[in-house]
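A structural walkthrough
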Amino acid sequence: MKYFGTDGFRGEANAVLTVEHAYKVGRFLGHYYRKEGHNVRVVIGKDTRLSGYMFESALISGLTASGADAYELHVTTTPSVSYLIRKENFDCGIMISASHNPYFDNGIKIINGRGHKLEARVEEQIEKYIDGEVEQLPLAKRENIGRCHDYSAGRQMYIDFLKNLPKTRFEGKTIALDLSNGSASVMAREIFESLGAHVIVRHDTPNGTNINRDCGSTHIESLQSLMYDTGADIGFAYDGDADRCLAVDDEGNVIDGDHILYICGRYLREQNKLNEDTVVTTVMSNMGLYKAFDRLGIRYEQTAVGDKYVCENMMEHNYSIGGEQSGHIIFKEHAVTGDGILTSLMIMEAWISSGKTLAELTEDLVIYPQLLVNVKVRDKLAARLDVDVQDAEEAVKNNLGNAGRLLLRESGTEPLIRVMVEAESEEMCKENVDRIVQVLKKKGHVIE
């Protein structure tokens, strides 16, 4: 598609994504969900980016001009929008966020009435409306013009939901949190302190331009330093809109999405809550995770990269847990989207109930060395379809054999080709990644 990727309409504010785009998205959604005698209700949240206010106003203008009522959560997390759509029967929801991207980017994530990411067929219709390929939509008149409501109470409703999830309290535990100067800043400390933990927080003072800057789940070394300095028992780091979570144990080891799937998948099975004894992963999960699941007798399925594909698989087969290595984890009993804070609470529950250290919980999970290089290219599709690139891909796969694997794919949200190799040594990873990258450069695809 032209505008929408795997995670909404995303790009640099007022360069790729403009207020005109946002206004038209609002106009389309307000019209699309209209039914005779039905008052359309749309809930809207945003992260802490400077441009969020601008896009929020534009979206609300479009929605109300089409006759829809907009309910403003203000700064909140993406999963809170999904939760409230389902709980309060909104027609749809919008989250204004570019997730882990830098502050000058922003995005529009549209969530349907079931709390899932919007269907591609509807996104295609929105694109046609943006480009003027469909007739103009009627404007609401007189008493049919939409209204705007302050809905801060909805955010508190979601916070209360999270506070009541864990089956155990966290007294005696010291928890370090890296809030990425993002959405989690408005709620995470309150939730953990209400459960009895001693909480140490960093990067909780957003100013509109410092979201994700050298902090959060994409800069996990910041949390590792905080753990070292404070001696905390466990640490959690979130991304800008708090739909993903990574952790650090008391020895400074990173607990990524694969570790979380292992810890929580095993815990759910012990609780007889792992439906079909199956965990859903993406093709990016490490070979070591699959070998560990094999030893435990836990089945697994693989999807394309993107939590929307994980969610689709889980909903189709009623699986209990699934997620991505990057930290998007879905617990079907509680949510239908990745939720960083919820994931933290589930890790805490599994850890405390085990009576072990977090390091002991993951000692049977041996992660293969993995190298991922993101190559900025002029045209993702042209690079991916290049015959010489495909020949290099086949040569690397033959070279690795059963001792490793190559994953070569286009980013769904950025102008990148992702080259990932897993192998028995870091040297093998680098050698084989370099082989692909050099071909991309030689053929003129790479933007230096």
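Anything mentioned here points back to the structure above.
Residues numbered from 1 in each chain as written. Predicted model: local features only at pLDDT ≥ 70, side-chain atom pairs only at ≥ 80, totals over all residues. Heavy atoms only, no water.

Some words on the sheet that holds strand β13 (residues 278-282)
If you walk across this open sheet you meet the 4 strands as β14-β13-β15-β16, and the pairing is mixed. Taken across any chain shown, the strands that pair with only one partner, and hence form the sheet edges, are β14 (299-303) and β16 (329-331). Each strand of the sheet is rotated relative to its neighbour by a mean of 20 degrees, with strand direction disregarded. As defined by bridge partners, β13 adjoins strand β15 (residues 321-323) across 2 bridges and the pair is classed as parallel. Note that in β15 the partner of Val279 across the bridge is Ile321. (Pairing = 2+ DSSP bridges. Helix = DSSP H or I, 4+ residues; strand = E, 2+ residues; numbered from the N terminus. Axes fitted to C-alpha atoms, helices over the stretch in contact; angles between N-to-C directions.)

Quick word on the sheet that holds strand β3 (residues 41-46)
Taken in spatial order, the 7 strands of this open sheet run β1-β2-β6-β5-β3-β4-β7, and their pairing is mixed. Two strands close off the open sheet at either side, each with one partner strand: β1 (4-5) and β7 (148-150). Bridge analysis of β3 against strand β5 (residues 92-96) gives 5 bridges, and the strand direction is parallel. Paired with Ile44 across the bridge in β5 is Ile94.

Side note on the nonpolar core
By size, the foremost hydrophobic cluster in this structure holds 64 residues, and its most contacted members are Leu177, Phe192, Phe236 and Tyr238. The element that contributes the greatest number of residues to this core is helix α11 (residues 340-354), accounting for 8 residues. For Phe236, the contacting residues outside a window of four places in its chain are Ile175, Ala176, Leu177, Asp178, Phe192, Leu223, Cys245, Leu246, Ala247, Ser344, Ile347 and Met348. One finds Phe9, Phe28, Leu29 and Ile94 within the second-largest nonpolar core, a separate group that totals 31 residues. (Core = buried A, V, L, I, M, F, W, Y, C linked by side-chain atoms within 4.5 Å. Buried < 20%, exposed > 50% of the residue type's maximum accessible area, 1.4 Å probe, protein only. Contact = heavy atoms within 4.5 Å.)

Some thoughts on the environment of Asn253
In this fold, Asn253 is placed in the loop between β11 (245-248) and β12 (254-255). The class of Asn253 is partly exposed, set by a relative accessible area of 37%. Along the chain, Asn253 and Gly11 lie 242 residues apart, while their C-alpha atoms are 33 Å from each other. Those residues within four positions of Asn253 in sequence are excluded, and the remaining contacts are Ala247 and Val248.

Re the side chain of Asn112
Take Asn112: it is sitting in the loop between β6 (105-111) and α4 (120-130). Not counting chain neighbours up to four residues away, the residues in contact with Asn112 comprise Tyr33, Ile85, Asp91, Cys92, Lys117, Leu118 and Glu119.

Describing the packing of aromatic side chains
A full pass over the atoms with the stated rule returns 17 aromatic pairs. Ring centres of Tyr83 and Tyr158 lie 5.7 Å apart, and the angle between their planes is 55 degrees; on these two criteria the pair is classed as tilted. Here the residue Tyr83 occupies a position in helix α3 (residues 78-88), and Tyr158 occupies one in helix α5 (residues 152-163), the gap between them amounting to 75 residues. Taking relative accessible area as the criterion, Tyr83 reaches 12% and is therefore assigned buried. We classify Tyr158 as buried; its relative accessible area is 1%. (Phe/Tyr/Trp six-rings, centres within 6.5 Å; stacked < 30°, edge-to-face > 60°.)

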